[in-house]
Amino acid sequence: MTGRHVLLIEDEPNIIEAIRFLLTREGWKVDSHTHGGDAIEVVQRIKPDLLILDVMLPGKSGMDILQELRALPEYANLPVLMLTARGQMRDRDMAERAGVSRFMTKPFSNIEVLDAVRDLLTQTSRS
Amino acid sequence: MMASFNLLVAVCLGYVAILFAVAFLADRIAATGRGRWLRSPLIYTLSLSIYCTAWTFYGAVGYAVRSGLEFVTIYLGPTIVMIGWWWGLRKLVRVGRSQRVTSIADLLSSRYGKSNTLAICVTLLAVIGITPYIALQLQSITLSFTTFSEADPSRGWSDVSSGLWVAGGLAIFAILFGTRNLDANERHHGVVTAIALEAVVKLVALLAVGIFVVWGLAGGVSETMARIDASPIGEWNVDPGRWSAITFLAAAAFVCLPRMFQVMVVEIDNERHLHTAAWAFPLYVFLMSLFVVPIAAIGLELLPEGTNPDLFVLTLPLSQGREDLAMLSFLGGFSSATSMVIVASMALSTMLSNHIVMPIWLSWTGSGASVSGDVRSVVLLARRVSIVVVLALGYFYYMLSGGGAGLAAIGLISFAGVAQMLPPLVGGLYWRGATRSGALAGLAVGAGLWLYTLLLPGLGGFLPEAVLQQGPFGLSWLRPHALFGITGLDPMTHAVMWSMALNTLVFVVVSLISLPDPVERLQGAQFVDVFEHSTGLRGWTGYVAQSEDLLVMAQRILGASDAQALFQREAKRQGARGTLPEPTPDFLQRLERNLAGSVGAAAAHAMIAQIVGGSSVSVEDLLAVADESAQMLEYSSQLEAKSAELSRTARQLREANEMLTRLSEQKDAFLGQVSHELRTPMTSIRAFSEILRDTEDLTPAETTRYAAIIHDEALRLTRLLDDLLDLNVLESGQVSLNMRSGVLAQVLEHALSAALAGAARKMIVHRRPETENIPLHSDLDRLAQVFINLISNALKYCDTEPPELTIRVQSQGGKVSVDFIDNGSGLTEEAQTLAFEKFYRVSGEKAGGAGLGLAICREIMQRLDGDVTYLPGQGGGAFRVTLPIRDDVKVA
């Protein structure tokens, strides 16, 4: 499981720091990016095994990023964990239609995030 | 040996009995529908001969003795009308038939918008004009009786009592045959046949006397001509003015006399009878006048001086011992008088009962609206009473006038009276612009002048001699026989000229300046254009309506503009040049469909059929129907308005709903934003507090850093909640302002120190204290809050190192503006418009704010009667705060 590469797209520095701390301790490599506008290019450059995506991002929303990613064949099965602070049911529906792998509402518990990341990476390695 | 008085009475009674029998039989035959001869043009022509009354039968000879050939004018007038204006008569007859008129008063009233006022005026004029004429007839009969009775001294015979008998007998005859029919509108075949018989009798009588005179007394035509030349009658003495005046009068009277109108228009069976009458009646009149001059000339020669020339027709045979011929002549005169009186009294009684008695009776009984069989018998009773009244008036006039020679002139005076109806009659037939007001005014002026210049002076004693000689009140220009100083005219010519000229003038002028009402307009069209569509046979029976009538009706139903648009469209479709289409079946069908939309198919069909088919439904009925449908239309347009209102309400509801949806979306977005802004710091707090709790091997530095993050995020959360509550208070208007007086410089000082104290960056601030000494009366704390916000923004977002802030104060017109201009790159155009929206943040910036600051600033400034705006083009981020200066303190 080690050596797995996670890309975190999130505009809140403190949240980046917290998630980076948690995942790094588990042995995963974490890259972060704070802007939505060029998120796709960053994904294409970094080629992460897992994408953690905030919804409200400057430049481009997480929903749009997810839809565009899923439209690309090489990212059709990329595990995507979506975090949102808006917490409305509509967002969850939209995310599921867009092809999200896991959807979590902020504030989250650290264990939940770690379990979710672990699950998603395991599924990918099995497939 | 003179005829015995008893024999005379017996002959009279026998003759009347024969007339009764003829009239009765004719009525019976007509009732069974047989007897086409009853409706022949011959009978019609003969019935027209009631123009020749006793006045002409006896009086023509007297006229010839007194005035030579002038008597010819009396015959010339009708002849000219018959030959030269038969087309006019045809129009009159067509109108009369199509409108079902009962008298000339009815015709004029019908033409001028069914005006009963006009009908009453015409009726009164006719009664005034005709009553003396009836008296004249009674006089002729009693005179002829007297002529015979003089030979029979055994009888005590008075003119007055014979007049009474004659009047009574004529009244009974007129009542029996003139008001026999239950349907008052039916034609009177019995009476018409009887007067046709009388016409034959009087012609035969006059011809017989004439032949006797020419061949029996004078000894042949050439002898007669020689004797005429020798007599004063032979002198050709023509006054052209008087001749044309009297010819005109005779022509006018021929058309306007109520009795002539009765036989010519009301009693006519077939319009084509006029073709026969056009030559046959002039022939009849010619025969009637043929022997007038010989009888006059021979009578003057043979009879003793002083013999009444009016009775030459009777006295000449008597003087020659030809009692049989005298008796025939007597019967001829009797026929002339009776036929005239019977028809005249019938015609006048119709007018009196229809236009005066019935309206009064209906208004008295208050049953004006309901027409039952009961009313019909009242109508007949009214007519019978009216006949008695007319004859009684004639009788009393005869008695009062004493049967003197004054009566002889009454014929022409009477003509002049009824001739006043000619302008409205002819105008009504040929001029659509003729109006009721014009007709009434013309008639009043004409009748007034006729009374003043002809009737009253002629009666003698009614007008004082002084008035005749010097004019009323000594105004010589108002002398009855010399109006406006025109003298030298014979009174008859003078009266005819003035009354007819002013009548016509007033009629035309008043018609031009007055406006016809809708019924008048419609009737005018019906009258003037009665032939327009009724000559051809197009499958429509009767009289095809004019497009204008249809338009009048359509306007009432569809509304004026719609109807006119429809007609114009149809006219264009037909290629017609005007705006009115021809009433082709095609057009009628489309019109019907259009009307059906408003009043229903059946009603639309009936209404068009009534106009187009010339049915007997009156125009008023039609207009009543149209008015009802106009009400329906109004009702339906109310419904339409209601439905429009409903759809308007629906639209407003839809708009309100859209607005609510928009608001709800905005609220969702706002709640989403609030949720995001609250959850974001909470996420950090939770994440790091779990890290602190669950991680045992944290370095002290890490512990301190994570605790600091938690602390910062907690503060951020508090700030956010403060801002949200602040904004809520400001937006809801519940904010309480703490208004104080102060100076701008102090507020700025306070704001700067609060914003810059403990800041991570140093910022250079440029101020000009001499401009800041502005007195204020405001909530100084709130104002400071705004300034702090703006200064903090500059500090946070200015992307130039070192950041500089220029504070520029300008006061102008009771307001002061405070500009905060930094040396950064400023806001993009998009950001400028969004900067004051809630939760707006310059993209990519994370400065710890929730993006509510400027929204709060704007709310505060609006509460303080000022504003805060972005100031573009200053080379950096620039915001301007404007607020009012305290107006009671002068700027130092």
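Everything quoted here is computed from the prediction, not taken from an experiment.

1. Things to note about the overall build of chain A
Each helix and strand counted, chain A has 5 helices and 5 strands in total. When its helices and strands are written in sequence order, chain A yields β-α-β-α-β-α-β-α-β-α. In chain A, buried positions account for 54% of the 127 residues. Partitioning the contacts of chain A with sequence separation of at least 6, the portion at a separation of at least 24 is 62%. When the accessible surface of chain A is summed, it comes to about 5,600 Å², and 48% of that surface belongs to carbon and sulfur atoms.

2. A word on the pattern of salt bridges
Scanning the entire structure with this criterion turns up 21 salt bridges over all chains. A cluster of three or more residues bridged by salt bridges with shared partners is formed by E10, D54 and K106 of chain A.

3. Overview of the UniProt feature "modified residue: 4-aspartylphosphate" (unreviewed entry) in chain A
All names here are of chain A. Feature annotation in UniProt places "modified residue: 4-aspartylphosphate" (unreviewed entry) on D54, given in this structure's numbering. Following the sequence through the fold, D54 ends up in strand β3 (residues 50-54). Taking relative accessible area as the criterion, D54 reaches 1% and is therefore assigned buried. Those residues in contact with D54, other than ones at most four positions away along the chain, are I9, E10, D11, G62, L83, T84 and K106.

4. Describing the side chain of S414 of chain B
Among the structural elements, S414 of chain B can be located in helix α19 (residues 410-419). The class of S414 of chain B is buried, set by a relative accessible area of 1%.

5. Considerations on unusual backbone geometry
Residues K106 of chain A and P107 of chain A are joined by a peptide bond in cis, for which omega reads -5°. By the secondary structure assignment, P107 of chain A is in the loop between β5 (102-105) and α5 (110-126). Cis peptide bonds are those with omega within 30 degrees of zero, and the linkage from E801 of chain B to P802 of chain B qualifies with -10°. Position of P802 of chain B relative to the elements: it lies in the loop between α32 (780-797) and β4 (804-812). You will see that K47 of chain A, though not glycine, has its phi angle at about 50°, which is positive. In this structure, K47 of chain A sits in the loop between α2 (39-46) and β3. Even without glycine at this site, D865 of chain B takes up a positive phi of about 60°. Locating D865 of chain B in the fold gives a position in the loop between α34 (853-863) and β6 (867-870).

6. Considering the nonpolar core
Residue and element names in this part refer to chain B. Counting residues in hydrophobic clusters, the biggest one holds 159 residues, and the most contacted among them are F330 and F415. A per-element tally of this core places helix α10 (residues 189-218) first, with 17 residues. Here this core gathers at least three residues from each of two domains, domain 1 (7-409) and domain 2 (421-531). With sequence-adjacent residues up to four places away left out, F330 is seen in contact with L8, C12, Y58, S144, F145, F148 and L314. Residues V735, M763, I774 and I807 belong to the second largest nonpolar core, which totals 49 residues.

7. Considerations on the interface of chain B and chain A
If you look at the interface, chain B gives 26 residues, while chain A gives 24 residues. Of the roughly 2,200 Å² buried at the junction of chain B and chain A (both faces included), carbon and sulfur atoms supply 55%. The interface formed by chain B and chain A holds 3 salt bridges in total. The shortest N-O distance in the salt bridge between R705 of chain B and E17 of chain A comes to 2.6 Å.

8. A closer look at the pairing of β3 of chain A
All names here are of chain A. Of all 5 residues that make up β3, 5 are buried, and the element is covered over most of its length. Of the two faces of β3, both are covered, the one formed by L50, I52 and D54 as well as the one formed by L51 and L53. Pairing geometry for strand β1 (residues 5-9) and β3, over 4 bridges, is parallel. Bridge pairing links L8 to I52 in β3.

9. Comments concerning empty space enclosed by the protein
Residue and element names in this part refer to chain B. All chains considered together, the criterion is met by 3 cavities of 30 Å³ or more. Estimates place the volume of the second largest cavity at around 50 Å³. Forming the walls of the second largest cavity are W55, T56, G59, A60, Y63, F71, I74 and Y75. For the lining of the second largest cavity, the elements supplying multiple residues, two or more each, are α3 (54-57), α4 (59-67) and α5 (72-84). Sorting elements by how many residues they give to the lining of the second largest cavity places α4 first, with 3 residues. Of the residues assigned to the lining of the second largest cavity, the class counts are 6 nonpolar, 2 polar and no charged.

10. Observations regarding the environment of A64 of chain B
Counting through the fold element by element, A64 of chain B comes out in helix α4. Classification of A64 of chain B as buried rests on a relative accessible area of 0%.

11. Points about the packing of helix α11 (residues 221-230) of chain B against helix α15 (residues 292-302) of chain B
All names here are of chain B. The contact between α11 and α15 brings their axes to 9 Å, and the two run at 65°. Classified by the angle between their axes, α11 and α15 sit roughly perpendicular to one another. As for the relative orientation of α11 and α15, their crossing is left-handed in sense. Two secondary-structure elements touch here, α11 through T224, R227 and I228 and α15 through V293, P294, A297, I298 and E301.

12. A few points about a nonpolar patch on the surface
On the surface, L505, V508, V509, L512 and I513 of chain B cluster together into a nonpolar patch covering about 480 Å² of accessible area. Relative to the helices and strands, L505 of chain B resides in helix α23 (residues 491-513).

13. Observations concerning the sheet that holds β6 of chain B
Residue and element names in this part refer to chain B. Strand order in this open sheet of 5 strands is β2-β4-β5-β7-β6, and the pairing throughout is mixed. Edge positions in the sheet fall to β2 (764-766) and β6, since each of these pairs with one other strand and no more. Averaged over all pairs of adjacent strands, the angle between their axes in this sheet comes to 20°, without regard to strand direction. Bridge count between strand β5 (residues 815-822) and strand β7 (residues 878-884): 7 bridges; the pairing is antiparallel. Following the sheet pairing, D819 is matched in β7 by R880. Packed on one face of the sheet, α34 meets β6 and β7 and runs near 140° to β6.

14. Some thoughts on α34 of chain B
Because each turn of an α-helix spans 3.6 residues, side chains separated by three or four positions end up pointing in the same direction. All names here are of chain B. Among the 11 residues that make up α34, 8 are buried, leaving the element largely enclosed by the rest of the structure. Every buried residue belonging to α34 is among G853, L854, A855, I856, C857, E859, I860 and M861, and all of these are buried. Considering only its buried residues, α34 is in contact with α30 (700-731), α32, β6 and β7. Immediately beyond the C-terminal end of α34, within one or two residues, lies D865, with a positive phi of roughly 60°.

15. Examining the sheet that holds β3 of chain A
Residue and element names in this part refer to chain A. Here 5 strands make up an open sheet; going across it, the order is β2-β1-β3-β4-β5 and the pairing parallel. Edge strands, defined here as strands with exactly one partner in the open sheet, are β2 (29-33) and β5. Looking at each pair of strands side by side, their axes are set apart by 20° on average, direction ignored. As paired strands, β3 and strand β4 (residues 80-84) are joined by 4 bridges and run parallel to one another. Counterpart to I52 in the pairing with β4 is L81.

16. Here's the deal with the packing of aromatic side chains
All names here are of chain B. A complete count under the given rule lists 13 aromatic pairs over all chains for this structure. With 6.1 Å between their ring centres and 65° between their planes, Y15 and F334 make a pair best called edge-to-face. One end of the pair, Y15, is in helix α1 (residues 5-32); the other, F334, is in helix α17 (residues 323-365), and 319 residues separate them in sequence. No difference in accessibility class separates Y15 from F334, as the two residues are buried. The interplanar angle of 50° and the centroid separation of 5.3 Å between the aromatic rings of F787 and F820 together place this pair among those described as tilted. You can see F787 sitting in helix α32 and its partner F820 sitting in strand β5, a full 33 residues away along the chain. For the pair formed by F787 and F820, the shared burial category is buried.

Cut-offs used in this document
- Residues numbered from 1 in each chain as written.
- Chains lettered and ligands numbered in written order.
- Predicted model: local features only at pLDDT ≥ 70, side-chain atom pairs only at ≥ 80, totals over all residues.
- Heavy atoms only, no water.
- Helix = DSSP H or I, 4+ residues; strand = E, 2+ residues; numbered from the N terminus.
- Buried < 20%, exposed > 50% of the residue type's maximum accessible area, 1.4 Å probe, protein only.
- Contact = heavy atoms within 4.5 Å.
- Areas by Shrake-Rupley, 256 points an atom, 1.4 Å probe, with all protein chains shown as cover.
- Salt bridge = Lys/Arg side-chain N within 4 Å of Asp/Glu carboxyl O.
- UniProt positions renumbered as here; feature names shortened; annotations may be inferred.
- Core = buried A, V, L, I, M, F, W, Y, C linked by side-chain atoms within 4.5 Å.
- Domains from an automatic or database assignment.
- Buried area = accessible area lost by both parts, 1.4 Å probe.
- Pairing = 2+ DSSP bridges.
- 1 Å grid on protein atoms, 1.4 Å probe; cavity = no way out; pocket = protein on both sides within 12 Å on 5 of 7 lines; lining within 4 Å.
- Points joined across faces, edges and corners; volume = space filled by probe spheres on them.
- Nonpolar A, V, L, I, M, F, W, Y, C, P; charged D, E, K, R; others polar.
- Axes fitted to C-alpha atoms, helices over the stretch in contact; angles between N-to-C directions.
- Parallel < 35°, antiparallel > 145°, perpendicular 65-115°, else oblique.
- Left-handed = near helix turned anticlockwise from the far one by under 90°.
- Patch = residues over 30% accessible without salt bridge, like charges linked within 9 Å, V, L, I, M, F, W, Y side chains within 5 Å.
- Phe/Tyr/Trp six-rings, centres within 6.5 Å; stacked < 30°, edge-to-face > 60°.

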